[in-house]
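Residue-level structure breakdown
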Amino acid sequence: MHRLSLPFASCRLRSLVFGAALALAALAAPGLGGSSAEAAVAGPALGSVAATVPAAAPLTENVRWVCGPWRCVWRPNYNYWYVPPYARGWGPPVAPNCYWRRGWGGGWAHVCP
């Protein structure tokens, strides 16, 4: 008789337990295979809650660093402006009036007045 090694047997047992738990969760979830009575009770209640709560509008806005030869400023709603490669790694400014300024040596400094 062939004996299984302990790591193989524990791995096989773990996968069987995981499969059984996954099958039980699929049967318990409404609409995924439970009884039709459970789905009929839970369906309208969830549908009415979803209908009464308005969908939130997306709170996203396109903002980016707009750079000239000597200064980069943070501007909202600039969809079609080119962002130079050196400014792509900069995050948002730490304060509302902060900007990046180019020095005479060519380096950039973060300025917050």
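Attention in this report is confined to the structure presented alongside it. Predicted, not measured: the structure shown is a model, and the values here were computed from it. Residue indices follow the written sequence of each chain, beginning from 1 at its first position. pLDDT decides what is reported in this predicted model: residues at 70 or higher carry local features, side-chain atom pairs at 80 or more are listed and counted, and totals for whole chains, interfaces and linings draw on all residues regardless. Only hydrogens and water are set aside when side-chain values are computed; all heavy atoms of the structure are taken into account.

**A word on the overall build of the protein chain**
Our working rule: Segments assigned H or I by DSSP are reported as helices when at least four residues long, segments assigned E as strands when at least two residues long, and all are numbered from the N terminus. We call two residues in contact whenever any of their non-hydrogen atoms come within 4.5 Å of each other. Each accessible area is a Shrake-Rupley estimate made with a 1.4 Å probe; only the visible protein chains count as cover when residues are assessed.
Along the protein chain, the regular secondary structure elements total 2 helices and 4 strands. Sequence-distant contacts in the protein chain: of pairs separated by 6 or more residues, those separated by 24 or more amount to 24%. As presented, the protein chain carries roughly 9200 Å² of accessible surface, and 67% of it is formed by carbon and sulfur atoms.

**Quick look at the nonpolar core**
Which entries qualify depends on this criterion: Remark: nonpolar core denotes a set of buried residues (Ala, Val, Leu, Ile, Met, Phe, Trp, Tyr, Cys) joined through side-chain atoms within 4.5 Å. Using a 1.4 Å probe on the protein chains alone, a residue whose accessible area is under 20% of its type maximum counts as buried, one over 50% counts as exposed, and one in between counts as partly exposed.
Counting residues in hydrophobic clusters, the biggest one holds 8 residues: W65, C67, C72, V83, A87, W90, W100 and W108. Dropping the residues within four chain positions of it, A87 is found in contact with W65 and C67.

**Remarks on the state of the cysteines**
Rule in force here: Cysteine sulfur atoms that pair up within 2.5 Å are treated as a disulfide.
Under the definition given, this model contains 2 disulfides. Here C98 engages in a disulfide with C112; their sulfurs sit 1.9 Å apart. The S-S bond linking C98 to C112 shows a torsion near 120°; that makes this disulfide right-handed. Taken together, the positions of C98 in the loop between β2 (71-76) and β3 (99-102) and C112 in the segment after β4 (108-111) put the pair 14 residues apart, joining distant regions of the chain. On the basis of relative accessible area, C112 is assigned to the partly exposed category, the value being 40%. Ordering the disulfide-forming cysteines of the protein chain by sequence position, one finds them joined as 1-2, 3-4.

**Brief notes about the packing of aromatic side chains**
The description of two aromatic rings rests on the distance between their centres and on the angle between their planes. The condition is simple: Two rings from Phe, Tyr or Trp (for Trp, the six-membered ring) form a pair when their centres sit within 6.5 Å of each other. Planes less than 30 degrees apart are called stacked, planes more than 60 degrees apart edge-to-face, and all others tilted. A ring has a charge above it when a Lys NZ or an Arg CZ is no more than 6 Å from the ring centre and no more than 35 degrees off the ring normal.
According to the stated counting rule, one finds 7 aromatic pairs in the structure shown. Measuring from ring centre to ring centre gives 5.2 Å for W70 and W104, while their planes differ by 55°; the resulting arrangement is tilted. Taken together, the residues span a long stretch of sequence, with W70 in the loop between β1 (63-67) and β2 and W104 in the loop between β3 and β4 at a distance of 34 residues. Since its relative accessible area comes to 45%, W70 is described here as partly exposed. The interplanar angle of 25° and the centroid separation of 5.2 Å between the aromatic rings of Y86 and W108 together place this pair among those described as stacked. Here the residue Y86 occupies a position in the loop between β2 and β3, and W108 occupies one in strand β4, the gap between them amounting to 22 residues. The class of Y86 is partly exposed, set by a relative accessible area of 35%. Grouped by ring-pair contacts, the aromatic residues W65, W74, Y86, W90, W100 and W108 constitute a single cluster. The positively charged end of R71 is found above the aromatic ring belonging to Y99, 4.1 Å away from the centroid. Of note, R102 hangs over the ring of Y86, and the distance from its end group to the ring centre comes to 5.9 Å.

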